[in-house]
Amino acid sequence: MNELHRVATDVATVKLLIDGEFVESATSEWREVVDPATGAVLARVPFATAGEVEAAVAAAQRAFATWRRTPIGARARIFLKYQQLIRAHMGELAAILTAEQGKTLADAEGDVFRGLEVVEHAAAIGNLQLGEYAHNVAGGVDTYTLLQPLGVCAGITPFNFPAMIPLWMFPMAIATGNTFVLKPSEQDPMVTMRLVELALEAGIPKGVLNVVHGGADVVNAICDHPDIRAVSFVGSTRVGTHVYRRASTAGKRVQCMMGAKNHAVVLPDASKAQTLDALAGAAFGAAGQRCMAASTAVLVGEARAWIPELVEKARALKVGAGGEPGTDVGPVISCAARERIEGLIASGVEQGARLELDGRHPAVPGYESGHFVGPTVFSGVKPGMRIYDEEIFGPVLVILEADTLDAAIALVNANPNGNGTAVFTQSGAAARRFQEEIDVGQVGINVPIPVPVPLFSFTGSRASKLGDLGPYGKQVVTFYTQTKTVTARWFDEASAGHGVNTTISLR
Ligand code: NAD
């Protein structure tokens, strides 16, 4: 029997949102949403039918006719109300997120909070969507720009930030006057749906925000649909590359934020205690399931001697259920993810890396059915080993060594990914050289996970990103709008009488 059909039937179902109504899918394909700490089934999620995707897009298309004309103030006030509702429900949202995703409650609140910051930014849409105006570009002629919404936009999101990443997408798309179809991760859609309920409570009108669930078929239908104008994707490089090709071939604007291998370069003059704490937090926090996790440390020169202390920091972290107080490292998302990570750890041993700390099969009393991998550290890692070449997306830190800062920079630049990187040093000159020479889109200087706040945009680069413009910040306003440039002149017949100059030219 197909895995999709072998699901419990006595649990709650996740609904679709079509034209303002939360509806039960008519599909025959369902998948279970599983608590990764216990293995308990929390809900069933539908894989929407082609007709349901069509209905969601049609509702968004109808709603666009009026939403696009909604005054700025009315749009902004919805997001002011929405940010207040998210704050009021923070504890509830974090609890749902921890139950279905596994990260600790503190990390879950962080997940919601980083999305909340984008909602706050969306409330400032009046300032963000201003056009430009040039007076008198020729005699009596003015030129100005309008940033107009595109129409129906769509978003496809990954499992690892089920609050933040949907909130990267639909608030800014809707604030700029578009309507939206969201396809959340099928692995943990419940917190996303609670956020969507709150968005409707904040006043988002019917049809402006729609949600369909599913996998490849639903994503492909979104990529192909002629009425969808723009697609934002966040997820793995494998799927993102496919989405980019398919949706851009269908004529859409597309932005894909994808996989990573983020290097933390540690110089021997770095502030040691802070650096080791930062590395442990950035490698193992959220069980390493962050696209900006510092999963690769490059120890330069005498910083190589810090490996034993780094390993001890990793060993001291407590593995447990995300909802239990004191947990540092929660479970990974699924049994399949755990097996993949364990397979990569085995490959590291086979390919000759030194396994300094083996986190496989940790004892977590009371949670024997959970999908746990404890902090794992490899040293002696080299390019060509699978643990270096592939994104592990688990609590595994791989350590490489370099003789000089220049050698470390060359190593990072030779890796195809460009999501994030960090340098740890007390030398301003070294940090500045790193900032100048490194070919990675987001750089931390003594900051291990340099995710920009929404005043800026998320600017991963190279193999971690397809499309020119990133999510949130200024770039996303450009992504979700068409710049229309108007050149205008007006004939002032009253003052000019018969002397109207009809020879005005733009030259
Ligand atoms: P994923 O690519 O498996 O899934 C992402 C989305 O694509 C989901 O909604 C999923 O349903 C859909 N999907 C899955 N298989 C598909 C297929 N064959 N065809 C079409 N759609 C498909 O990613 P994930 O495992 O949910 O998330 C982890 C990945 O996301 C990691 O690689 C991580 O680095 C990346 N990520 C990147 C960023 C970033 O900003 N660069 C942020 C978060 C996560």
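See above for the structure.
In this report, we go over the structure that sits alongside the text. (Residues numbered from 1 in each chain as written. Predicted model: local features only at pLDDT ≥ 70, side-chain atom pairs only at ≥ 80, totals over all residues. Heavy atoms only, no water.)

### Concerning the overall build of the protein
Filter applied, for reference: Only DSSP runs of H or I with at least four residues qualify as helices, and only runs of E with at least two residues qualify as strands; both kinds are numbered from the N terminus onward. Atoms considered for the radius of gyration are the C-alpha atoms alone. The globule rule reads 2.2 Å times the number of residues to the power 0.38. Whether two residues are in contact is decided by their heavy atoms, any of which lying within 4.5 Å being enough. What sets the accessible areas is the Shrake-Rupley method with a 1.4 Å probe; for residues, cover comes only from the shown protein chains. Counted as positive: Lys and Arg. Counted as negative: Asp and Glu, with His and the chain ends omitted from the count. A single reference atom marks each charge: NZ on Lys, CZ on Arg, CG on Asp, CD on Glu.
A count of helical and extended segments in the protein gives 17 helices and 22 strands. Taking 23 Å as the expected radius of gyration for a compact globule of 507 residues, we find that the protein reaches 25 Å, a close match to that expectation. Counting only C-alpha atoms and orienting by the principal axes, one finds that the protein spans roughly 90 × 60 × 40 Å. Put simply, of all contacts in the protein between residues at least 6 apart along the chain, 73% involve residues at least 24 apart. For the protein, the computed accessible surface area is about 20400 Å², with 53% contributed by carbon and sulfur atoms. Each charge class in the protein was averaged separately, 43 positive and 51 negative side chains, and the resulting centres sit 5 Å apart.

### Examining helix α6 (residues 164–175)
Stated precisely, the cut-off is as follows: Multiplying 1.5 Å by the helix residue count minus one yields the expected span of that helix. Think of it in three bands: with a 1.4 Å probe and only protein chains considered, a residue is buried below 20% of the maximum accessible area for its type, exposed above 50%, and partly exposed in between.
With 12 residues, α6 should cover 16 Å at 1.5 Å per step; its first-to-last C-alpha distance of 17 Å lies within 8% of that length. Counting buried positions along α6 yields 12 of 12 residues, so the element is predominantly enclosed. Of all the residues in α6, the buried ones are Met 164, Ile 165, Pro 166, Leu 167, Trp 168, Met 169, Phe 170, Pro 171, Met 172, Ala 173, Ile 174 and Ala 175.

### Some points on a nonpolar patch on the surface
What counts, and what does not: Here a patch means residues that are over 30% exposed by relative accessible area and free of salt bridges, tied together within 9 Å if like-charged and within 5 Å if nonpolar (Val, Leu, Ile, Met, Phe, Trp, Tyr). Definition used for salt bridges: Asp or Glu carboxyl oxygen within 4 Å of a side-chain nitrogen of Lys or Arg.
On the surface, Val 453, Leu 455 and Phe 456 cluster together into a nonpolar patch covering about 310 Å² of accessible area. As for its placement among the helices and strands, Val 453 is situated in the loop between β19 (443–445) and β20 (461–462). The class of Val 453 is partly exposed, set by a relative accessible area of 35%.

### Description of unusual backbone geometry
Of note in the backbone geometry, Ala 287 takes a positive phi value of approximately 55° without being a glycine. Inspection of the secondary structure assignment puts Ala 287 in the loop between α10 (272–284) and β13 (296–300). Ala 287 sits in the buried class, given a relative accessible area of 1%.

### Considering the pattern of salt bridges
Once their charged atoms are close, side chains differing in charge can pair, the charge on each being opposite to the other. The full count for this structure, using the stated rule, is 23 salt bridges. Two residues, Asp 111 and Lys 103, come together in a salt bridge whose shortest N-O distance is 2.8 Å. Residue Asp 111 is classed as buried on the basis of its relative accessible area, which comes to 0%. Under the relative-accessibility criterion, Lys 103 is labelled buried at 4%. The salt bridge involving Arg 304 is made with Glu 401; its shortest N-O contact spans 3.1 Å. Highlighted residues: Arg 304 in the loop between β13 and α11 (307–315) and Glu 401 in strand β16 (residues 396–402), separated in sequence by 97 residues. A single network of salt bridges, built from pairs that share partners, joins Asp 19, Arg 62 and Lys 206.

### Description of helix α15 (residues 428–437)
The cut-off we apply is this: Throughout, the arc means the angular range of directions from the helix axis out to the C-beta atoms.
Buried within α15 are the following residues: Ala 430, Ala 431 and Phe 434. Buried residues along α15 cover an arc of 100° about the axis, so they all sit on one side. Counted as exposed and oriented over 90 degrees from the buried face of α15: Gly 428, Ala 429 and Arg 432. Those residues of α15 that are buried lie in contact with β12 (263–266), α14 (405–414), β18 (421–424) and β19.

### Some thoughts on the sheet that holds strand β5 (residues 133–138)
The condition that has to hold: Paired strands, as defined in this entry, are two strands with at least two bridges between them according to DSSP. Convention adopted: a line fitted to C-alpha atoms gives each axis, helices being fitted over their contacting stretch, and angles between N-to-C directions are expressed from 0 to 180 degrees.
A sheet is described by the order of its strands in space; here three strands give the open sequence β5-β6-β22, paired in antiparallel fashion. Every other strand in the sheet has two partners, leaving β5 and β22 (481–489) as the edge strands with one partner each. Taking each pair of neighbouring strands and ignoring which way they run, the sheet shows an average axis angle of 30°.

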